Amino acid sequence: MYKNCHHTSTEIITQDINVSLHDCKATKVSLEDEILSFSFPDGFWVRNKDNTDKKLFYTDEGQVNFMLLYADDIAVTIYIFTEKDGKIIREECTIEKFMSQINNGLCSLEFLYSYIGYQTFKFDCWIWFDKEPYHKECELIISAQEIVYQWNNLYEES
């Protein structure tokens, strides 16, 4: 159970606190009752808009939950980009395969950039491996009403 919670809705994007997954790695993924969850053992970034010092904080271990609008095969689209013979190939990956690879420790998912539209969250990511090619680009598109960020403690960036 987490002590802190922050909601980001596609209808009300401006909040008192901004949360960012930029450069944060998820090492576990779950899907239950149309909630797609990512676990971040090293947490994620939190910024308070009212903070005049523009200080950035990071959380301890946290979880991010996407409240899916549809069945997972419709609400979640995953594209993985692979270089082959000097060309980039875009392949679609199922959520089941994606979750299996991450949960079995075959890779981790680093979130780089996010884009929020009406009922859509898009993330540019890297999938990290322990061996070559070491990483691949990934695009994660999620149809959700909102994201719920959960954590226990905040630490000031030094």
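Here, the structure is the one placed above.
First, a word on what this report is: a plain description of the structure on this page. (Residues numbered from 1 in each chain as written. Predicted model: local features only at pLDDT ≥ 70, side-chain atom pairs only at ≥ 80, totals over all residues. Heavy atoms only, no water.)

## Here's the deal with the nonpolar core
Selection rule: Definition used in this section: a nonpolar core is a set of buried Ala, Val, Leu, Ile, Met, Phe, Trp, Tyr and Cys residues joined via side-chain atoms within 4.5 Å. The classification of residues rests on relative accessible area computed with a 1.4 Å probe and restricted to protein chains. Under 20% of the type maximum is buried, over 50% is exposed, and intermediate values are partly exposed. In this text, helices come from DSSP runs of H or I with a minimum length of four residues, and strands from runs of E with a minimum of two, each type numbered from the N-terminal end. Whether two residues are in contact is decided by their heavy atoms, any of which lying within 4.5 Å being enough.
Of all hydrophobic cores here, the largest spans 36 residues; its most connected members are Phe38 and Phe66. Counting residues per element, this core draws most heavily on strand E13 (residues 135-151), which supplies seven residues. Phe66 has contacts with Glu34, Ile35, Leu36, Phe38, Phe121, Phe123, Ile142, Ala144, Glu146 and Ile147, leaving out every residue within four places of it along the chain.

## Some details on the side chain of Ser37
Threshold: N or O atoms closer than or at 3.5 Å make up a polar contact, with two conditions inside protein: a donor-capable atom paired with an acceptor-capable one, and, for residues adjacent in sequence, both atoms drawn from side chains.
Relative to the assigned elements, Ser37 resides in strand E5 (residues 35-40). In this structure the side chain of Ser37 is engaged in a polar contact, spanning 2.6 Å, whose partner is the side chain of Asn65. Filtering out sequence-adjacent residues up to four positions away, Ser37 remains in contact with Lys28, Val29, Ser30, Gln63, Val64 and Asn65.

## Quick look at helix H2 (residues 95-103)
Put simply, the rule reads: To obtain the arc, one takes the directions from the helix axis to the C-beta atoms.
For H2, every residue scored as buried is listed here: Ile95, Phe98, Met99 and Ile102. End-on, the buried residues of H2 take up no more than an arc of 95°, which puts them together on one face.

## A look at unusual backbone geometry
When glycine is set aside, most residues are seen to have a negative phi, and most peptide bonds are trans. Geometrically, the link from Glu132 to Pro133 is a cis peptide bond, its omega value of 15° lying close to zero. With respect to the helices, strands and loops of the structure, Pro133 is situated in the loop between strand E12 (120-128) and E13. A positive phi angle is found at Asp33, which is not glycine, with a value near 55°. A positive phi angle, near 55°, is found at Asp85, a position not held by glycine. Turning to its location among the elements, Asp85 is positioned in the loop between strand E9 (76-84) and strand E10 (87-93).

## Regarding the pairing of strand E8 (residues 62-68)
Just so we agree on the cut-off: Here, a strand pair is defined by DSSP locating no fewer than two bridges between the strands.
Within E8, six of the seven residues are buried, which leaves the element mostly enclosed by the surrounding structure. Relative to E8, E5 runs antiparallel, the two being bridged by six bridges. Looking across to E8, one finds that Ile35 is bridged to Met67. Examined bridge by bridge, E8 and E13 share seven bridges and lie antiparallel to one another. Paired with Gln63 across the strands is Gln150, a residue of E13.

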